[in-house]
6 protein chains.
Amino acid sequence: MKGVYFLASFLFLALASSFASASDPSPLQDFCVALNDTKIAVFVNGKFCKDPMLAKAEDFFFSGLNVPGNTSNQLGSKVTPVNVEQIPGLNTLGVSLARVDFAPYGGLNPPHTHPRATEILVVLEGTLYVGFVTSNPDNRLITKVLYPGDVFVFPVGLIHFQLNIGKTNAVAFAAFGSQNPGVITIAKAVFGSNPPINPDVLTKAFQLDKNVVKYLQSQFWWDNN
Amino acid sequence: MKGVYFLASFLFLALASSFASASDPSPLQDFCVALNDTKIAVFVNGKFCKDPMLAKAEDFFFSGLNVPGNTSNQLGSKVTPVNVEQIPGLNTLGVSLARVDFAPYGGLNPPHTHPRATEILVVLEGTLYVGFVTSNPDNRLITKVLYPGDVFVFPVGLIHFQLNIGKTNAVAFAAFGSQNPGVITIAKAVFGSNPPINPDVLTKAFQLDKNVVKYLQSQFWWDNN
Amino acid sequence: MKGVYFLASFLFLALASSFASASDPSPLQDFCVALNDTKIAVFVNGKFCKDPMLAKAEDFFFSGLNVPGNTSNQLGSKVTPVNVEQIPGLNTLGVSLARVDFAPYGGLNPPHTHPRATEILVVLEGTLYVGFVTSNPDNRLITKVLYPGDVFVFPVGLIHFQLNIGKTNAVAFAAFGSQNPGVITIAKAVFGSNPPINPDVLTKAFQLDKNVVKYLQSQFWWDNN
Amino acid sequence: MKGVYFLASFLFLALASSFASASDPSPLQDFCVALNDTKIAVFVNGKFCKDPMLAKAEDFFFSGLNVPGNTSNQLGSKVTPVNVEQIPGLNTLGVSLARVDFAPYGGLNPPHTHPRATEILVVLEGTLYVGFVTSNPDNRLITKVLYPGDVFVFPVGLIHFQLNIGKTNAVAFAAFGSQNPGVITIAKAVFGSNPPINPDVLTKAFQLDKNVVKYLQSQFWWDNN
Amino acid sequence: MKGVYFLASFLFLALASSFASASDPSPLQDFCVALNDTKIAVFVNGKFCKDPMLAKAEDFFFSGLNVPGNTSNQLGSKVTPVNVEQIPGLNTLGVSLARVDFAPYGGLNPPHTHPRATEILVVLEGTLYVGFVTSNPDNRLITKVLYPGDVFVFPVGLIHFQLNIGKTNAVAFAAFGSQNPGVITIAKAVFGSNPPINPDVLTKAFQLDKNVVKYLQSQFWWDNN
Amino acid sequence: MKGVYFLASFLFLALASSFASASDPSPLQDFCVALNDTKIAVFVNGKFCKDPMLAKAEDFFFSGLNVPGNTSNQLGSKVTPVNVEQIPGLNTLGVSLARVDFAPYGGLNPPHTHPRATEILVVLEGTLYVGFVTSNPDNRLITKVLYPGDVFVFPVGLIHFQLNIGKTNAVAFAAFGSQNPGVITIAKAVFGSNPPINPDVLTKAFQLDKNVVKYLQSQFWWDNN
């Protein structure tokens, strides 16, 4: 019985972890609903899925994108994502959404990249100054002021931002060409990584005094996602 | 000079046509802004693009998604697409949007497929009964009634529809995992093709009387896109 | 012992289901033979595979495509598929086959789509009227009458059909650019879904009387696959 | 006028060449019919296409796969390909066909690879001994004797062959997961390349006497495609 | 003659631009050698290619990766790229190289991303402190000190850097899973874009005093590529 | 208890095998570190991965590429691979490396293909005669003599080789556009497969006497990887 018990224990430990990866943009069946709540400690590129015969409408459903996000934070913005973590049915299907709320007078979705998706954004309310920067060597900044009903595109992997330059709240919906686009907030990733990057790197890279670098690395970096 | 003239004429003819195809979801540069207005009669998988140094903010921009579509038609619905035809900067970037308006009391976005994209839809106003049908052999119907803020997913290639079951207008935004998702409205493609399908095919396939088939083939089939 | 038993029970239940998905068209090893008969209730995009060292010739083999399918049914046709369900070695390899038999005088492979593959068909015997319909807005019908040795292509996702217009049996082989192309028979998916689609949707979409819709929804819809 | 003439001449030269490449397996429109007969000296990954509004049924059609190939050659086999070179409508659609004829008593489709496609083969007539070899380090040979109606799979990139071990002609249809699978006949590519490979390479690689290598390099290597 | 002249002029202007895009990682023919020097003002996803019959060994060749890069600059590093711009034969083939030289005592390849490729780096000489930061919300820093013969991987899209912490020059070779990986040097793209980003964005995003932001935006940002 | 024991035994057997496949070039999360040492007998396209929270620097690291490979063998060459088998963090990331050592006076990396990757090679020391052969029908040989600092490209799937034509050792680094490129050494796969290919196939294919074929099939074929 010992062998059985050992095996069972091993499996129990294995089953005690949780999933964290995303899913394939080329589905090989009608759908492959993610098992977000499974307890298996093994992962795949994307996510494991449930028996398709057990898929139900709720697997393809999310509620609450009409609720404003709380923008009472240092950036004055809040992203409400609707990707494969929120809708398991998005697994393998290559698309997702987000609602972005901005506080008046400067609410900011700070410079960031999505390593795995282009973003297309439509403004519902307010006035946004938005832009993206092309890659080296040109690093051209391409910007636009957007009003309700305006749509703008942020190509995959490029650094981009949105700033509320109006006196009222602003709201936008963003769609992504991936069920798990990923977010890298530049300032937070560079100055707020865990553990911190060697200050010699940041001092030389950003042409900053080392004391400023150390000060920045001691700050709190809010994640608005 | 004759040869020159001949060549020029040949090119002129060649330049007199227009583009009609879409673009690659795996960009090989920051972006590849489509040349929608070019006059070259040669096509590629996707679209030809302009010199990236000439790209400007307007290439990534569309205005007017706050304007309701006209739903005074036999289906009581109107789709306003924002894909690579409207935003040339979407070329190669694998994502697009649409606004869908529904008349009260039964405005319908009829059963259709997108051969090249999954759709994720968010309701802004109204009450929608939505659903999709899985492929053979099960053809399971998966449905949900959606209210403002609700999100639903329609997997790529599957037949789906949205019906306004409320007493007011309904509005939704839809995002697609392709810059050129394509639309095949089932009834229109089957009974309204040009030229018509041999009625023997439709009589047997739909278990309809041949007179009914011929009547349907003589009807007008509205394209709500 | 209770914990062990509980775990084992959980696993036993988990192992009691069966696979239903397909496999990746970009193999990352020589092959990845599908475990069609596994009892694991967890799925992936595509299928799990067996140890490649255990792969044997039978995993890449199917027998019987010389046997005519039984066309004694309401459509007068029968598809014999040879995809990843029949040949587990096709998993990840992105190709499959089918034999299609047609009864004389009108045997029909009714309008359908393959959401995940283009089809290329070669006629072995008989005379087929075949066609496909392009997507909106044009819905052009492109047709051809085929004789033995003729080949025709049906692009991925488009509605297409084949009708035996000869006085003898017809036989064709079809190849697909996917190990799991999927089939959506239009009439069956629309009028024979389970549960039925709200008749208001079909009445308006197909411009049919509601009684006709309800009659159609009560019919039996044969799946010729 | 000189500048004009120079330009025209440049273009004329440019237009005097012909296409030689294949097409993309992920279509971004319904289809993209190849311009096989164009005179442009510029190429793309895949092929340029014609105006989709000009596509016609013949673009998706090929005739003659019922005609036996001539096997009166040193290999006793003949492949009749039906890929994007024969059917321009296959461009971007990722699938193709071939008919393979074998002479009795040893007609051979010699060891070769398809660098861009898996092959699935169905036997129509005769008896074939077929096989493929896995990659290093194992180089396992997986073989099967096939009879009419039997199907076998040759995974992409692996060396494989078919030998007629019967007393009659043999015929098979093969399907490929690419519109341009490519063929590399091993012996011809190694010993019949143009110009020849340095004999030192082949002597050491094949453990052959240098005279044997030079003899082989002077032979005629039949291309059965 | 006027029409001819107009057309020729139009073409001349069109031909006066140059290519800037990259190429497809899924080749559809043996190779598709880029036309880097063409004068056509039209682009595709990737690059146009020359007639494959004209391809020659030099198209697949680059010389000089044994020459140290000049590290006498503010970062103390120099990247020598070997991608599709240097080797046109890399077009469509999905791989490229670079040599990276580092000055002693702190030569830095500053934090940057490659939006289209993972990097694998091997150290030839010297001692490098290298690292990358995972995406939100964790932003974990994963670092290692590398010596000659050591290899490290920087996953696609993640911010990473290399710092020479030794007293001698350091040299590394890097390989990329794209023929056009792209580079976004974080500090240069954010503080050195052209035109500058609205300082309100950077002040809030980086928690810096606006004067510091303006000072940084007035600095020169060296591109070590 | 018997059922439990049976299940546990089944699982134990299942867990006793090991992984052998590779990983997806389109990552769906930051990374997906391969579980090379797992004991699960089930595979996927690519490899299972560990919990991303447990990833550590060593998962992305390999040491020893500065150590010369032992070239004292019949080919006079040795390949030291650094792919997903050596660096589990390469899983899903689509790139890998190798060091190739050549003995003086004729050390040979014999004709072979990589079925899943293009190779880009840089010479560190020595003089190499390298080449590849295009596919049928042309089988053009494209060759170059390389010196230190020279770079050459071998397109995916094509037969290629490298020969040391100098009087000293030669060393090169090769990069591949796949984390699991695969190797098929032509002579070994054809004449050294296990079990041997029917000699009738090789006699006719290689235009060799059957005794020579049998002699070759009895030889030892060294795998330099």
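- In the nomenclature of an unreviewed UniProt entry, chain A is known as Germin-like protein of Theobroma cacao.
- In its Sequence similarities (unreviewed entry) section, the UniProt record describing chain A reads: "Belongs to the germin family."
- If you open the UniProt record of chain A and go to Subcellular location (unreviewed entry), you find "Secreted, Extracellular space, Apoplast".

1. A short note on the overall build of chain A
Then, in step 1: In terms of regular secondary structure, chain A is built from 4 helices and 11 strands.
Then, in step 2: Classification of the 225 residues of chain A by burial places 69% in the buried group.
Then, in step 3: Residue pairs at least 24 apart in sequence account for 70% of intrachain contacts in chain A once pairs closer than 6 positions are excluded.
Then, in step 4: When the accessible surface of chain A is split by element, carbon and sulfur atoms take 59% of a total near 7400 Å².

2. Observations concerning the interface of chain C and chain D
Then, in step 1: Counting residues at the interface gives 50 residues for chain C, matched by 50 residues for chain D.
Then, in step 2: Where chain C abuts chain D, roughly 3800 Å² becomes buried across the two surfaces, and 70% of that area is made up of carbon and sulfur atoms.
Then, in step 3: Across the pair Lys144 of chain C and Glu58 of chain D runs a salt bridge whose closest N-O atoms are separated by 2.7 Å.
Then, in step 4: Across the chain C-chain D interface, the total number found is 20 residue pairs in polar contact (both at pLDDT 80 or more).

3. Here's the deal with the environment of Ala170 of chain E
Residue and element names in this part refer to chain E.
Then, in step 1: Its place among the elements puts Ala170 in strand E10 (residues 170-176).
Then, in step 2: Accessibility expressed as a relative area gives 1% for Ala170, which makes it buried.
Then, in step 3: In this structure the C-alpha to C-alpha distance between Ala170 and Lys214, which are 44 residues apart in sequence, comes to 34 Å.
Then, in step 4: Every residue in contact with Ala170, bar those within four places of it in the chain, is listed here: Val100, Asp101, Phe102, Glu125, Gly126, Thr127, Leu128 and Asn164.

4. A look at the relation of the copies chain C and chain D
Then, in step 1: Taken as rigid bodies, chain C and chain D are interconverted by a rotation of 180° and an axial shift of 0.0 Å, the fit giving an RMSD of 0.0 Å. The operation mapping one copy onto its partner corresponds to a two-fold rotation axis. It is Gly177 of chain C whose C-alpha, among those of chain C, lies nearest the rotation axis, at 2.5 Å.
Then, in step 2: The share of interface residues of chain C whose copies in chain D are also at the interface is 100%, consistent with both copies meeting through the same surface.

5. Here's the deal with the state of the cysteines
Residues and elements named next belong to chain C.
Then, in step 1: Tallied over the full model, the rule gives 6 disulfides over all chains.
Then, in step 2: Paired by a disulfide, Cys32 and Cys49 hold their sulfur atoms 1.7 Å apart. Judged by the torsion about the S-S bond (60°), the Cys32/Cys49 disulfide is right-handed. Of this pair, Cys32 sits in the loop between helix H1 (2-15) and strand E1 (61-62) while Cys49 sits in the loop between H1 and E1, and the two are 17 residues apart along the sequence.
Then, in step 3: In this structure Cys49 comes out as buried when scored by relative accessible area, which is 1%.

6. Some thoughts on unusual backbone geometry
Residues and elements named next belong to chain A.
Then, in step 1: Note that the residue after Asn194, namely Pro195, is joined by a cis bond; omega there is 0°.
Then, in step 2: If you trace the backbone, Pro195 turns up in the loop between helix H2 (186-191) and helix H3 (199-206).
Then, in step 3: Look at Asn139: it is not a glycine, yet its phi comes out positive at around 45°.
Then, in step 4: Positionally, Asn139 belongs in the loop between strand E6 (128-133) and strand E7 (141-146).

7. Things to note about the nonpolar core
Then, in step 1: With 382 residues, the main nonpolar core has Phe206 of chain A, Phe206 of chain B, Phe206 of chain C, Phe206 of chain D, Phe206 of chain E together with Phe206 of chain F as its most contacted residues.
Then, in step 2: With sequence-adjacent residues up to four places away left out, Phe206 of chain D is seen in contact with Val190 and Phe191 of chain D together with Ile186, Ala187, Phe191, Phe206, Leu216 and Trp221 of chain F.

8. Some remarks on the side chain of Gln162 of chain E
Residue and element names in this part refer to chain E.
Then, in step 1: Mapped onto the fold, Gln162 is located in strand E9 (residues 159-164).
Then, in step 2: A relative accessible area of 0% means that Gln162 is categorised as buried.
Then, in step 3: Not counting the four nearest positions on each side in its chain, Gln162 is found in contact with Phe102, Gly107, Leu108, Asn109, Glu119, Leu121, Tyr129, Val130 and Phe154.

9. Some thoughts on the UniProt feature "domain: Cupin type-1" (unreviewed entry) in chain A
Then, in step 1: Residues annotated by UniProt as "domain: Cupin type-1" (unreviewed entry) correspond here to residues 63-214 of chain A.
Then, in step 2: End C-alpha atoms of residues 63-214 of chain A are separated by 42 Å, and the span's content is 12% helix alongside 38% strand.

10. Regarding the sheet that holds strand E3 (residues 96-102) of chain B
The pairing of strands in a sheet comes from backbone hydrogen bonds and takes either a parallel or an antiparallel form.
Then, in step 1: Read across the open sheet, the 6 strands follow the order E1(A)-E8(B)-E5(B)-E10(B)-E3(B)-E2(B); overall the sheet is antiparallel. Each of the sheet's edge strands pairs with one partner strand only, and the pair in question is strand E1 (61-62) of chain A together with strand E2 (77-82) of chain B.
Then, in step 2: Bridging between strand E5 (residues 119-125) of chain B and strand E10 (residues 170-176) of chain B involves 6 bridges; their strand directions are antiparallel. In the sheet register, Ile120 of chain B faces E10 of chain B, and the bridge partner there is Ala175 of chain B.

11. So, the UniProt feature "binding site: Mn(2+)" (unreviewed entry) in chain A
Residues and elements named next belong to chain A.
Then, in step 1: Per the UniProt record, the feature "binding site: Mn(2+)" (unreviewed entry) sits at His112, His114, Glu119 and His160. Spanning 49 residues, the named residues nonetheless gather at one spot, since no C-alpha pair among them exceeds 11.7 Å.
Then, in step 2: As for its placement among the helices and strands, His112 is situated in strand E4 (residues 108-113).
Then, in step 3: Look past the residues within four positions of His112 in its chain and what remains in contact with it is Glu119, Leu158, Ile159, His160, Val183, Ile184, Thr185 and Ile186.
Then, in step 4: Among the polar contacts listed, one links the side chain of His112 to the backbone oxygen of Pro110, at a separation of 2.7 Å.
Then, in step 5: Mapped onto the elements of the fold, Glu119 is located in strand E5 (residues 119-125).
Then, in step 6: When neighbours within four sequence positions are excluded, Glu119 is seen to be in contact with His112, His114, Phe152, Val153, Phe154, His160, Gln162, Ala174, Ala175 and Phe176.

12. Describing helix H4 (residues 210-218) of chain F
Then, in step 1: Among all positions in H4 of chain F, only Val213, Leu216 and Gln217 of chain F are buried. Taken around the axis of H4 of chain F, the buried residues stretch over an arc of 100°, which confines them to a single face. With respect to the buried face of H4 of chain F, the exposed residues turned more than 90 degrees away are Asn211 and Ser218 of chain F.
Then, in step 2: Buried-residue contacts for H4 of chain F involve helix H3 (199-206) of chain D together with helix H2 (186-191) and helix H3 (199-206) of chain F.

13. Considering the sheet that holds strand E7 (residues 141-146) of chain B
Then, in step 1: Within the open sheet, the 5 strands sit side by side as E7-E6-E9-E4-E11 (chain B). Their pairing is antiparallel. Only two strands of the sheet have a single partner each, and these edge strands are E7 and strand E11 (184-185) of chain B.
Then, in step 2: In terms of strand pairing, strand E6 (residues 128-133) of chain B meets strand E9 (residues 159-164) of chain B through 6 bridges, oriented antiparallel. The residue of E9 of chain B that forms the bridge with Tyr129 of chain B is Leu163 of chain B.
Then, in step 3: With respect to the sheet, helix H3 (residues 199-206) of chain C is in contact with strand E4 (108-113), E6 and E9 of chain B, its orientation differing from that of E4 of chain B by roughly 80°.

14. Regarding helix H4 (residues 210-218) of chain E
Since the α-helix packs 3.6 residues into each turn, any two residues three or four apart lie on the same face.
Then, in step 1: Contacts from the buried residues of H4 of chain E go to H3 of chain A together with helix H2 (186-191) and helix H3 (199-206) of chain E.
Then, in step 2: The distance from a side-chain oxygen at the start of H4 of chain E to the backbone nitrogen of Asn211 of chain E is 2.8 Å, and the residue carrying that oxygen is Asp209 of chain E.

15. Quick look at the pattern of salt bridges
Then, in step 1: Enumeration over the complete set of coordinates arrives at 42 salt bridges over all chains.
Then, in step 2: Among the ionic pairs, Lys210 of chain A bridges to Asp200 of chain A, the shortest N-O distance being 2.4 Å. Here Lys210 of chain A is found in helix H4 (residues 210-218), whereas its partner Asp200 of chain A is found in helix H3, with 10 residues between them in sequence.
Then, in step 3: Residue Lys210 of chain A is classed as partly exposed on the basis of its relative accessible area of 35%.
Then, in step 4: With a closest N to O distance of 2.8 Å, Asp59 of chain B and Lys50 of chain B form a salt bridge. Per residue, the accessibility class of Asp59 of chain B equals that of Lys50 of chain B, and both read buried.
Then, in step 5: Salt bridges sharing common partners tie together Lys50, Lys56 and Asp59 of chain A.

16. Describing the environment of Phe191 of chain C
Then, in step 1: Summarising the element assignment, Phe191 of chain C is placed in helix H2 (residues 186-191).
Then, in step 2: What makes Phe191 of chain C buried here is its relative accessible area of 2%.
Then, in step 3: Phe191 of chain C has contacts with Phe206 of chain B together with Leu202, Phe206, Leu208, Leu216, Gln217 and Trp221 of chain C, leaving out every residue within four places of it along the chain.

The rules behind the values
- Residues numbered from 1 in each chain as written.
- Chains lettered and ligands numbered in written order.
- Predicted model: local features only at pLDDT ≥ 70, side-chain atom pairs only at ≥ 80, totals over all residues.
- Heavy atoms only, no water.
- UniProt positions renumbered as here; feature names shortened; annotations may be inferred.
- Helix = DSSP H or I, 4+ residues; strand = E, 2+ residues; numbered from the N terminus.
- Buried < 20%, exposed > 50% of the residue type's maximum accessible area, 1.4 Å probe, protein only.
- Contact = heavy atoms within 4.5 Å.
- Areas by Shrake-Rupley, 256 points an atom, 1.4 Å probe, with all protein chains shown as cover.
- Buried area = accessible area lost by both parts, 1.4 Å probe.
- Salt bridge = Lys/Arg side-chain N within 4 Å of Asp/Glu carboxyl O.
- Polar contact = N/O pair within 3.5 Å; in protein donor to acceptor, adjacent residues only side chain to side chain.
- Least-squares fit on C-alpha atoms with pLDDT ≥ 70 in both.
- Disulfide = S-S within 2.5 Å.
- Core = buried A, V, L, I, M, F, W, Y, C linked by side-chain atoms within 4.5 Å.
- Pairing = 2+ DSSP bridges.
- Arc of directions from axis to C-beta.
- Axes fitted to C-alpha atoms, helices over the stretch in contact; angles between N-to-C directions.

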